[in-house]
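Here is what each chain is made of, one letter per residue.
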Amino acid sequence: MARFEMYNSDMATFGGEARAETFCDMGLMYATGRGCPVDLIAAHKWLNIAAIKGSDRAAELRADLSHSMTKMQLAEALRAAREWMTMH
């Protein structure tokens, strides 16, 4: 699986639940390094966005992931998610 970012919400024009699951999958991709280097900040960002969009699974995964992150990493991930949500 190739690494990808969704800078434009037109790239994820699925229905609400499917879109949340797409963001959750992106979080899992970064958390596990599936097709890309492991990036806990990006993983938390996408899981956070998925949780905001309604994915309970993403909320649980995000909580688990946060236990292995520093406060600085968490702050950066939250900033990145907030910035993405503001732009989209």
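What you are looking at is a predicted structure, and each value in this text was computed from that prediction instead of being measured. (Residues numbered from 1 in each chain as written. Predicted model: local features only at pLDDT ≥ 70, side-chain atom pairs only at ≥ 80, totals over all residues. Heavy atoms only, no water.)

A. Layout of the environment of Ala-58. Relative to the helices and strands, Ala-58 is located in helix α3 (residues 56–66). On the accessibility criterion, Ala-58 (0% relative accessible area) is buried. Sequence separation between Ala-58 and Ala-20 is 38 residues, and the spatial gap between their C-alpha atoms is 8.4 Å. The residues contacting Ala-58, other than those within four sequence positions of it, are Cys-24, Leu-47, Ala-50 and Ala-51. (Helix = DSSP H or I, 4+ residues; strand = E, 2+ residues; numbered from the N terminus. Buried < 20%, exposed > 50% of the residue type's maximum accessible area, 1.4 Å probe, protein only. Contact = heavy atoms within 4.5 Å.)

B. Structural detail: helix α2 (residues 40–52). Over its 13 residues, α2 runs 18 Å from end to end, which matches the ideal 18 Å to within 8%, given 1.5 Å per residue. Judged by how many residues are buried, α2 sits mostly within the fold: 11 of 13 residues are covered. Ile-41, Ala-42, Ala-43, His-44, Lys-45, Trp-46, Leu-47, Asn-48, Ile-49, Ala-50 and Ala-51 are the residues of α2 that are buried. Near the N-terminus of α2, the side chain that reaches the backbone nitrogen of Ile-41, with its oxygen 3.2 Å away, is that of Asp-39. Within two residues after α2, Gly-54 carries a phi angle of roughly 115°, on the positive side. (Expected span 1.5 Å × (residues − 1). Polar contact = N/O pair within 3.5 Å; in protein donor to acceptor, adjacent residues only side chain to side chain.)

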